[in-house]
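# Commentary on secondary and tertiary structure
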Amino acid sequence: MKQVAETPAILRDLRSLKVVVIHPQDQDGEELLAQLRRIGCDVEVCWPRLDSLPSGTGLVVMAMRPETLSIDFPWLGTSTSPPVIPVVTYENPITIEAVLRLNAFATIPSPVRSFGLLTAIAVALTQFKACRMRERYIERLEQKQAKVRVIQQAKQIVMKARGVSEEDAYQLLRSQAMLKREQIETVAGEIVKAHETLSF
Amino acid sequence: MTRIDSGGTSAPIKIGVLYSRSGVTSAAETTQLQATMLAAEEINRAGGVSGREIELVCLDPQCQPRRHAELAEQLILEHRVRIIVGCYMSSTRKAVIPIVERHNALLFYATPYEGFEYSRNVIYTGAAPNQNTLPLAGFMLSQFGSRVSMIGSDYVCPYESNRVMSDLILERGGEKVDETYLPLDAPWESYLDVANRIKQRSPDFIFSTVVGEGIPHLYRAFAHVGLDPYRMPIASHMTSEAEIAVMGNDLAQGHITSAAYFQSIDTAENLAALARYQARFGADQPTNMCWEAAYFQMHLLADAIRRVGAEDPTLLLRVLPGLEFEAPQGRVRIDEHNNHTYLHPLIGRVNAHGRFDIIGRAPERVKADPYVVSHITPEWTAHAHPELARAGAVR
């Protein structure tokens, strides 16, 4: 390292991070809570049920215990779910499978130590954010891909029906779209649909 | 308070001491060792801790992290010690922490460090960044300007201090004009190169996170290329009276340091402790921030042992949080939740006698916040500081 880089935004924002801790009040729970408070996060604790997340929750830390394994948390696995860091006491396949289902980016081993929590939080938040961005990017790519496919189909139909070249077929689609003040993929979609309706 | 019957034992209380007498940071560590000895002698002269004498077991870790770990284990296993005072550089503390955690021993750490740590088995009595780097940054950026040269020793603490400083410079629209890290054992010529570069680029001030033997090199190089500390000072949170004693007063004069303690503090506690120290170790022996933390932590420890009637770490940890002591710097307090210490931040400028004229001080003691990432500079550092002008002209 030759130059100190700017502090990552995720670390800068830790003091406004709302953390929900789903953990019993045992020694691990106390250590976890004390360290989160030292770090300066806004912490809320509940155990074992949590039917809805408090608004603004940026991170959930959850004890992977028999109590939580049997609960179906309705706020998990949705497009708006925050990242979850599991606190792992058992390494049996059942528990590990539950950890994997959470799509966790970091875990905290039990017995909980103060050291390592900050890194786990930073890794989880960063990877979660990157993952969300990738998902959105893939979604946009898929939408774009679908549009291209419809336009391609419509071009083929126009080429056959009018006996024109691919380039001319495209220009026809474009001028129709401009005339109707619509997107080219909308016009293309109508042509494909009409063609399907007629092909019986 | 809980008082456990110690069975009327009069066996001495053994305390392990890990301060280096050779190696890059031995100048400051030697003063910490002597402060520890002074405090132990004071406690013993006053009848010990509930009639039990304090017995120091001093080993020399020679500034090497591995040796720190080995000697910490030796203290615990062979000397049957449960409490250790010592460590200076973060690398040495990091080496000792796993040992004290494994054996449930207790480490008292009396040196400023970079924060982002909490161990149940460590009591931190030196400053966290919000108690030294932050006041220094606020003071320097307000009083001198925000074009800054950074020079540090190549290890973790300087990087972290410079991250804090860099963020604050950028927030103010300032500029990092230079950023250099030198190995702990870099020769004088390397410092000369840096000083020449600084002279060329003419920043508003130099932020130094150099430690140990590099400090005299840096200040000497600065003077050698003809820079004026009253126009462009070196600001540091590590340069203390211990390093000034090595480099000589003339090289240090005009430069600025932030710390929770300077020898020149005029509290009754400081004057008395200083007199006893110099009577014991020599009239020419200066004190410094690390000396003071090493001194007051022994008294806090003795008080804690007195309260629980034993030197068992688990019991001590029940009373240490929240414990207060009238230290030379003023009243200090161990925080209830993070094992760090409330301290009194000061800004000082070296005068012709090699002592610090205090040119800024926090209005009250400051809680250590070892996990703060985004810093806001304290308000008092931005005010006009007439003491600064008196301690040397700002042009």
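The model shown is predicted, which means the values in this text are computed figures rather than measured ones.

With that out of the way, let us pick up the overall build of chain A. If you tally the helices and strands in chain A, you get seven helices and five strands. Each helix (α) and strand (β) of chain A, taken in turn from the N terminus, gives the series α-β-α-β-β-α-β-α-β-α-α-α. For chain A, the spread of C-alpha atoms along the three principal axes comes to 80 × 50 × 30 Å. The 200 residues of chain A split such that 24% are buried. Intrachain contacts of chain A at a sequence separation of at least 6 include 55% that bridge at least 24 residues.

Right, let's talk about the sheet that holds strand β4 (residues 84-88) of chain A for a bit. Residues and elements named next belong to chain A. Spatial strand order, β2-β1-β3-β4-β5: five strands in an open sheet with parallel pairing. Edge positions in the sheet fall to β2 (42-46) and β5 (108-109), since each has one partner strand and no second. Across five bridges, strand β1 (residues 18-22) lies against β2 in parallel orientation. Its bridge partner lying in β2, V19 is registered against V43. Packed onto the sheet, helix α2 (residues 27-39) meets β1, β2, β3 (59-64) and β4 and runs at close to 160° relative to β2.

This brings us to the environment of E179(B). All names here are of chain B. Mapped onto the fold, E179 is located in strand β7 (residues 175-182). For E179, a count of 17 C-beta atoms within 10 Å corresponds to the partly exposed category. In the structure, E179 is positioned 34 residues away from E213 in sequence and 19 Å away in space, judged by C-alpha atoms.

So, about the domain arrangement of chain B. Residue and element names in this part refer to chain B. For chain B, the assigned domains are domain 1 (13-127 + 265-342) and domain 2 (130-264 + 345-390). Spacing between the C-alpha centres of domain 1 and domain 2 amounts to 26 Å. At the interface, 33 residues of domain 1 touch 32 residues of domain 2. Counting residues per element, the ones that place at least two in the side of domain 1 that touches domain 2 are α1 (26-45), α3 (90-102), α11 (289-308), β12 (330-334) and β13 (341-342).

When two helices pack together, their arrangement is given by the angle between their axes and by how far apart the axes lie. All names here are of chain A. The geometry of helix α6 (residues 166-179) relative to helix α7 (residues 184-198) is characterised by a closest axis approach of 8 Å and an angle of 110° between their N-to-C directions. In terms of orientation, α6 and α7 fall into the roughly perpendicular class. Residues L173, R174, Q176 and A177 of α6 form the contact with α7, whose participating residues are I184, V187 and A188. Counted by class, the contact of α6 with α7 contains five nonpolar, one polar and one charged residues.

Attention now moves to the interface of chain A and chain B. It is common to give the size of an interface as the accessible area lost on bringing the parts into contact. Between chain A and chain B, the contact holds 17 residues from the first and 16 residues from the second. Among the secondary structure elements, those contributing two or more residues to the side of chain A that touches chain B are α1 (9-12) and α2 of chain A. When grouped by side-chain class, the residues that make up the side of chain A that touches chain B number seven nonpolar, five polar and five charged.

Per the domain assignment, the segments making up chain A are domain 1 (9-115) and domain 2 (137-198). Here domain 1 of chain A and domain 2 of chain A have C-alpha centroids that lie 49 Å from each other.

The next thing to look at is the sheet that holds β13(B). Residues and elements named next belong to chain B. Pairing in this open sheet of three strands is antiparallel, and the strands run β11-β12-β13 from one edge to the other. Edge positions in the open sheet fall to β11 (324-327) and β13, since each of these has one partner strand only. Pairing geometry for β11 and β12, over four bridges, is antiparallel. Across the sheet, residue E324 finds its bridge partner in β12, namely R333.

About the criteria used
- Residues numbered from 1 in each chain as written.
- Chains lettered and ligands numbered in written order.
- Predicted model: local features only at pLDDT ≥ 70, side-chain atom pairs only at ≥ 80, totals over all residues.
- Helix = DSSP H or I, 4+ residues; strand = E, 2+ residues; numbered from the N terminus.
- Buried ≥ 20, exposed ≤ 12 C-beta atoms within 10 Å, placed from the backbone.
- Contact = placed C-beta atoms within 7 Å.
- Pairing = 2+ DSSP bridges.
- Axes fitted to C-alpha atoms, helices over the stretch in contact; angles between N-to-C directions.
- Domains from an automatic or database assignment.
- Parallel < 35°, antiparallel > 145°, perpendicular 65-115°, else oblique.
- Nonpolar A, V, L, I, M, F, W, Y, C, P; charged D, E, K, R; others polar.

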